[in-house]
Amino acid sequence: MYGWIWRHLPGNVWLRAAISLLLALAVVYVLFQYVFPWAEPLLPFNDVTVDGEGAAG
C-alpha cells in the first residue's frame, strides 16, 4: 500500500517525502479531531471497579 502511494505521488523524492509527511499529519489530525472523540464513549476506560472499601486506614 505504501509503495502504491509513493509511486502515485508527483514530483521528485523530496516533494514526495513532503507530501507523505503532510498526508500522515492529515491522518493524525482526522483521528484526533473526529475518530477518537466519536469512539471515546464506546470504550470502557471509565468503567473502573475499584472502590474505597477494604483500604487500609
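Going by what an unreviewed UniProt entry lists, the chain is known as Membrane protein and is assigned to Streptomyces scopuliridis RB72.

Looking at this structure, I do not really get the overall build of the chain. What am I missing?
Broken down by element type, the chain carries 2 helices and 0 strands. Scored against the burial criterion, the 57 residues of the chain give a buried share of 4%. As displayed, the chain has an accessible area near 5500 Å², and 70% of this comes from carbon and sulfur atoms.

In this structure, what is going on with the UniProt feature "transmembrane region" (unreviewed entry) in the chain? I would like to understand it.
Following the UniProt record, one finds the feature "transmembrane region" (unreviewed entry) at residues 12-36. Helix makes up 96% of residues 12-36 and strand 0%. Its end C-alpha atoms lie 34 Å apart.

I would appreciate a short explanation of the packing of aromatic side chains in the present structure.
Between two aromatic rings, the relevant description is the distance of the centres plus the angle of the planes. What the rule picks out here adds up to 1 aromatic pair. An angle of 90 degrees between the planes, with centres 5.2 Å apart, marks the rings of Phe32 and Phe36 as edge-to-face. Pair noted here: Phe32 and Phe36 are both in helix α2 (residues 13-39), with a separation of 4 residues, about one helical turn. For Phe32, a relative accessible area of 54% gives the class exposed.

Reading the values: the criteria
Residues numbered from 1 in each chain as written. Predicted model: local features only at pLDDT ≥ 70, side-chain atom pairs only at ≥ 80, totals over all residues. Heavy atoms only, no water. Helix = DSSP H or I, 4+ residues; strand = E, 2+ residues; numbered from the N terminus. Buried < 20%, exposed > 50% of the residue type's maximum accessible area, 1.4 Å probe, protein only. Areas by Shrake-Rupley, 256 points an atom, 1.4 Å probe, with all protein chains shown as cover. UniProt positions renumbered as here; feature names shortened; annotations may be inferred. Phe/Tyr/Trp six-rings, centres within 6.5 Å; stacked < 30°, edge-to-face > 60°.

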